[in-house]
Amino acid sequence: MIFENLPTAPRSEELLDKAFSRAARAGNAKGGLEAQQSMLTVAVNITSDNLENVVTAWPDFDYVDPFYYELADAIVDVDELRQSLSEVTWASRQIEELGREYNTKLRKTDPDTARKHRKQAFARIADIMDEIKDDLRAVGDARDALKGIPDIRPDEPAIVIAGYPNVGKSSFVNHVSRASNEIAEYPFTTRGVQIGHVERDHIRYQLIDTPGLLDRPEDDRNDIERQAAGAIEHLADTILFFVDASGDCGYPLDVQLALRDDLVDRFADRDIPILTICNKSDRSTDVEADAYMSITEEEGIEEVLSMAVDAVGYEPDLPSRDA
C-alpha cells in the first residue's frame, strides 16, 4: 500500500537538535578552521538530506491511482499536503545553497572569523527550519492519518458490498472469502472496513464491505464520507446491494430500495453493474431481486458469488505469444 511505509516526518526542533549536536561532535574531533568547516558540512547535510527524504518518500500525486487520491484527499486535503511538501523542498534547497555560500567564505579566512561565519550559517539554518515548522508538522500528521488506509488494490477486480446495516453484508464476506480476509478502518469511520478475497479461475477478487460509506443515503453523510464514497466509484467493478425483504434488519424495505436507487443514479454513467441481492430469503422473498440467498441456511451463496464474478467480466492482460 502506497502510504503504509512512509517515514515519520521529524519536527523542526528535533531535526535542528540532531544536526547541531552531530555538528558539535564533528567539530570536537578536529581543530581550527577544519573544525568550523566540518561543523557546517555536517549541519547542512543532515538538515538538507532529511528534508529531501521527507519529500521523496511521498508518491507523486499526479500519478497516484484515482481511488487512493480520492481517499487521501478526503482525509488530509491533498492540495494543502502538496503545498507543505513544496515548502519542505524549498527549505532543503535553501539550506544546500546556504552551505555552498558559507563553505566559500570559510575557505579563505582565519579560525576566529570562520567561527563567526559558521555561527551565522547555523542561525540562518535555524530561521529556515522555523519557517517550515508548521509544514513539517502537517506532513507528519498527514502521514499518520494516511498510513491506516486499508490495503485495497486498484489493479485487482473489486466487488463492493452495499446496503443498510444488518442485512448480511459482513456475513457474506466472511462466508465466501478466504481465511486471510482483513478488517481495517478508514480514518473517517469508526466501523471497520471488511476486505475479503476469493479466487476464481486463478483470478483474485476483492470483496469490500464499506460501513459508514454506502449504508445510508448521501444526504446523511458528512463531507468526508461523501468524498470517500466517491472514491469507491474508481474502485468498484460491480456492486452487490443487499436487501432484507423481511425488514428484520430494522429498516423498511422501501427505505432500503431508495438507497439502492440512489446508488444506481450515482453509478449510472460509469457502467458499473449493481445487482440486487435478497438475503434472508428463508424469511421473505417479497422483493424483485437479481438473486435470492440465505446465509444462515447456506442457500444461494455460491450462485450470488458466481453472478458477481460474471458481472465483473474481468479479463486479465495475458502475454501474447507473438510478444
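The shown structure was predicted, so the numbers you read here are calculated from the model rather than taken from an experiment. (Residues numbered from 1 in each chain as written. Predicted model: local features only at pLDDT ≥ 70, side-chain atom pairs only at ≥ 80, totals over all residues. Heavy atoms only, no water.)

To continue, consider the pairing of strand β1 (residues 158–162). Of all 5 residues in β1, 5 are buried, a share of seventy percent or more. Relative to strand β4 (residues 203–209), β1 runs parallel, the two sharing 4 bridges. Bridge pairing in β4 places Ile161 opposite Asp209. (Buried < 20%, exposed > 50% of the residue type's maximum accessible area, 1.4 Å probe, protein only. Helix = DSSP H or I, 4+ residues; strand = E, 2+ residues; numbered from the N terminus. Pairing = 2+ DSSP bridges.)

Okay, the nonpolar core next. One broad trend across soluble globular proteins is that nonpolar side chains are buried collectively. Counting 91 residues, the largest nonpolar core has Phe3, Leu51, Trp58, Met129, Ile159, Phe172 and Leu240 as its most contacted members. Examining the composition of this core, we find that 9 residues originate from one element, helix α4 (residues 78–107), more than from any other. Shared between two domains, this core holds at least three residues of each, these being domain 1 (12–147) and domain 2 (158–312). For Ile159, the contacting residues outside a window of four places in its chain are Tyr205, Gln206, Leu207, Ile208, Thr238, Leu240, Ala308, Val309 and Val312. (Core = buried A, V, L, I, M, F, W, Y, C linked by side-chain atoms within 4.5 Å. Domains from an automatic or database assignment. Contact = heavy atoms within 4.5 Å.)

Under the counting rule described, the total for this entry stands at 8 aromatic pairs. Ring pairing ties together the aromatic residues Phe3, Trp58, Phe61, Tyr68 and Tyr69, which thus form one cluster. In this structure, Lys105 is placed above the aromatic ring of Tyr102, and the distance from its NZ or CZ to the ring centre is 4.4 Å. Sitting over the ring of Phe122, Arg118 keeps its end group 4.8 Å from the ring centre. (Phe/Tyr/Trp six-rings, centres within 6.5 Å; stacked < 30°, edge-to-face > 60°. Lys NZ or Arg CZ within 6 Å of the ring centre and 35° of its normal.)

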